[in-house]
Amino acid sequence: MIRWILAALLTISAAAVVVSAPALREAAALAAPAQETYEWKNVRIDGGGFVPAIVFNQSEKNLIYARTDIGGAYRWEQATKTWTPLLDWVGWDRWGYNGVDSLATDPVQPTRVYAAVGMYTNSWDPNNGAILRSADKGATWQVSPLPFKLGGNMPGRGMGERLAVDPRDNRTLYLGAPNGNGLWKSSDYGATWAKVSSFPNPGDYAPDPSDPNGYASHRPGVVWVTIDPVTRAIYAGVADKENILYRSADNGATWQRVPGQPTGHLPHKGVLDHVNGLLYLATSDTAGPYDGAKGDVWRLDTRTGEWTRISPIPSTNEDDYFGYSGLTIDRQDPQTLMVATQISWWPDVIFFRSTDAGATWTRVWDWASYPNRSFRYTMDVSSAPWLTFGGNPQPPEVTPKLGWMTESLEIDPFDSNRMMYGTGATIYGTEDLLKWDTGGRFTIRPMVRGLEETAVLDLVSPPTGAPARQRSR
């Protein structure tokens with residue numbers, strides 16, 4: 001009986017298949033996934049995240065790079081005034097390469113560019129850092145793995161630059177490393193690296209050494225390297241509040257702590273005026289980029305060893321509620337320098353400018369009758385109106401703000417009128433900066449088109465309205 005029932009069922013099933021094949025094909029077509037009708041492109045936002053550094057090449061005009069903490073590196077295109085992404089080739093298997101801890105552009109062979117990459121040094125990130133090297137301005141890259149982690153999205157990521165090309169012999173590069181790894185050197189255009197065993201201090205500062213999550217316990221270490229092309233001296237800034245600056249006079253073979261140096265703060269930036277032999281330092285009491293309540297600006301005469309505090313507002317003054325960073329000099333007129341408050345959340349960041357090597361300063365905005373302020377600038381964010389964040393603040397605050405977390409402020413070495421700076425949201429800049437000195441107002445605009453680093457957390461598909469045709473590829 002059972003065998004008869006099974007045979008009948010099979011016969012009925014087979015007949016159904018034969019008889020209803022067209023219907024089944026139609027049903028299968030209906031059940032198949034719909035053809036993709038979306039055409040995917042990058043969404044233009046004009047920023048969206050922190051830009052820790054903007055790096056100008058010192059020998060080729062308009063060759064400019066930007067690095068971000070989670071969004072890769074970019075190269076400026078002067079013809080279109082846009083940024084070209086350089087690390088879009090990075091896949092999920094090497095996601096940490098999008099955290100760019102430092103960037104160096106070669107002053108001898110400007111086609112060469114280097115990036116020190118690695119996003120986190122926490123224990124849960126299993127990936128070591130690497131040096132990416134390119135001989136075609138970032139169009140293609142080669143990878144040199146490192147035996148330690150780098151922290152492109154860790155505390156202190158706005159300090160630097162920790163990666164430097166020796167202008168006297170561009171085969172030689174130096175890399176300041178975090179977390180006790182000291183100073184490293186390459187003699188073959190960044191292909192291989194070795195630790196500089198003679199460097200005496202890897203840096204002991206951490207925001208919170210006891211942080212169990214491994215974030216605030218990160219030690220930024222050796223945070224910048226500056227090389228004097230005239231005297232052949234090499235300077236290295238270290239995240240150690242009692243020992244911030246070291247010098248080598250013999251190509252890195254030996255190092256000495258620079259005498260008379262200031263203590264109590266961290267050296268966020270070290271910028272050398274090699275024409276006049278002056279090394280400028282911007283310091284803050286924390287590694288940043290989110291905090292910093294005290295700091296100073298210092299000038300070292302490298303010929304005499306004399307230190308001079310040139311802070312626009314010194315740390316001993318109760319009006320100093322911020323550290324300093326964003327340090328730059330005008331290479332067309334090295335007596336002119338600018339510095340930014342590393343953090344000044346309220347009412348806004350402050351830029352200071354000096355035309356006499358730091359003897360006197362003017363501010364980008366001043367207090368008038370409180371709560372009003374007077375401004376040396378105007379802002380035009382019409383190309384990215386979201387930068388107002390939809391706010392309507394009361395004085396003394398305004399929208400859009402000049403910025404925050406301004407670790408990089410750079411005057412174009414070929415054009416004293418052009419300046420760019422990074423913020424926690426975008427890149428701003430001006431092309432008429434010299435109006436600052438003549439009593440006029442210079443204009444600040446976003447200079448960020450093409451640079452995108454938002455974190456996409458969700459996607460929403462509308463129920464109707466997708467394109468009817470898909471573009472052939």
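Residues numbered from 1 in each chain as written. Predicted model: local features only at pLDDT ≥ 70, side-chain atom pairs only at ≥ 80, totals over all residues. Heavy atoms only, no water.

*Asks:* In this structure, what is going on with the packing of aromatic side chains? I would like to understand it.
*Replies:* Given two aromatic rings, one states the distance between the centres and the angle between the planes to describe the pair. Applying the stated criterion across every chain, the model contains 23 aromatic pairs. Grouping aromatic residues by their ring pairs yields a cluster made of Trp92, Trp95, Tyr120 and Trp124. Taking NZ or CZ as reference, arginine 112 lies 3.9 Å from the ring centre of tyrosine 189, over its face. In this structure, arginine 373 packs its charged tip against the face of tryptophan 365, placed 4.5 Å from the ring centre. (Phe/Tyr/Trp six-rings, centres within 6.5 Å; stacked < 30°, edge-to-face > 60°. Lys NZ or Arg CZ within 6 Å of the ring centre and 35° of its normal.)

*Asks:* Explain the sheet that holds strand E24 (residues 362-363) to me, please; I cannot follow it from the model alone.
*Replies:* Sheets are built from strands paired through backbone hydrogen bonds, the pairs being either parallel or antiparallel. Taken together, the 4 strands give an open sheet; going across it, the order is E21-E22-E23-E24, and neighbouring strands pair in antiparallel fashion. Looking at the sheet topology across the chains shown, the edges are occupied by strand E21 (324-330) and E24. In the sheet, strand E23 (residues 351-354) pairs with E24 via 2 bridges, with the strands oriented antiparallel. Directly across from phenylalanine 352, in E24, lies its bridge partner arginine 363. (Pairing = 2+ DSSP bridges. Helix = DSSP H or I, 4+ residues; strand = E, 2+ residues; numbered from the N terminus.)

*Asks:* Can you help me understand the sheet that holds strand E1 (residues 53-56) in this one?
*Replies:* The sheet built from 4 strands is open, its strands ordered E1-E2-E3-E4 with antiparallel pairing. Only two strands of the sheet have a single partner each, and these edge strands are E1 and strand E4 (82-85). If you compare each strand with its neighbour and ignore which way they point, the axes differ by 30° on average. As judged from the 3 bridges shared by strand E2 (residues 64-67) and strand E3 (residues 73-77), these two strands associate in the antiparallel manner. Pairing of arginine 67 across the sheet is with alanine 73, part of E3. (Axes fitted to C-alpha atoms, helices over the stretch in contact; angles between N-to-C directions.)

*Asks:* Looking at this structure, how should I read the side chain of serine 408?
*Replies:* By secondary structure assignment, the location of serine 408 is in the loop between strand E27 (377-379) and strand E28 (409-411). On the accessibility criterion, serine 408 (1% relative accessible area) is buried. Excluding residues within four positions of it along the chain, serine 408 makes contact with Pro52, Ala53, Ile54, Gly326, Met420, Tyr421 and Gly422. (Buried < 20%, exposed > 50% of the residue type's maximum accessible area, 1.4 Å probe, protein only. Contact = heavy atoms within 4.5 Å.)

*Asks:* Would you mind showing me how to read the pairing of E1 here?
*Replies:* As a general feature of sheets, a regular strand has side chains that alternate between the two faces. The two faces of E1 match: Ala53 and Val55 on one face and Ile54 and Phe56 on the other face are all buried. Here E1 pairs with E2 via 4 bridges, running antiparallel. Across the sheet, the residue bridging to valine 55 is tyrosine 65, located in E2.

*Asks:* It is not clear to me how the confidence of the model for the protein should be interpreted in this structure. Could you clarify?
*Replies:* Any residue range with low pLDDT should be treated as having predicted coordinates unsuitable for detailed reading. Looking at the protein, pLDDT values average 92 and 90% of them are 70 or higher. Across residues 1-19, where pLDDT falls below 50, the model places 0 contacts with residues more than four positions away in sequence or in other chains. In this model residues 469-473 is a low-confidence stretch, pLDDT under 50, and it forms 8 contacts with partners more than four residues away in sequence or in other chains. (pLDDT = per-residue confidence, 0-100.)

*Asks:* How should the pairing of strand E7 (residues 130-134) be read in this particular structure?
*Replies:* Counting buried residues in E7 gives 5 out of 5 residues, a clear majority hidden from the surface. Judged by which residues are buried, E7 turns out to be covered on both faces: Ala130, Leu132 and Ser134 on one side and Ile131 and Arg133 on the other are all buried. Pairing of strand E6 (residues 113-117) with E7, which is carried by 5 bridges, proceeds in the antiparallel orientation. Within E7, the position partnered with alanine 115 by the bridge is leucine 132. Pairing of E7 with strand E8 (residues 142-145) involves 4 bridges; the strand directions are antiparallel. Note that in E8 the partner of alanine 130 across the bridge is proline 145.

*Asks:* Is there a simple way to think about the pattern of salt bridges in this case?
*Replies:* When their charged atoms lie close together, side chains carrying opposite charge are able to pair. Across all of its chains, the model carries 17 salt bridges by this definition. With a closest N to O distance of 3.1 Å, lysine 81 and glutamate 431 form a salt bridge. With lysine 81 in the loop between E3 and E4 and glutamate 431 in the loop between strand E30 (427-430) and helix H3 (435-438), this pair connects stretches of sequence that are 350 residues apart. With relative accessibility at 40%, the residue lysine 81 sits in the partly exposed group. Residue classification places glutamate 431 among the partly exposed residues on the basis of a relative accessible area of 42%. The shortest N-O distance in the salt bridge between arginine 353 and aspartate 437 comes to 2.8 Å. Within this pair, whereas arginine 353 is found in strand E23, its partner aspartate 437 is found in helix H3, the two being separated by 84 residues in sequence. (Salt bridge = Lys/Arg side-chain N within 4 Å of Asp/Glu carboxyl O.)

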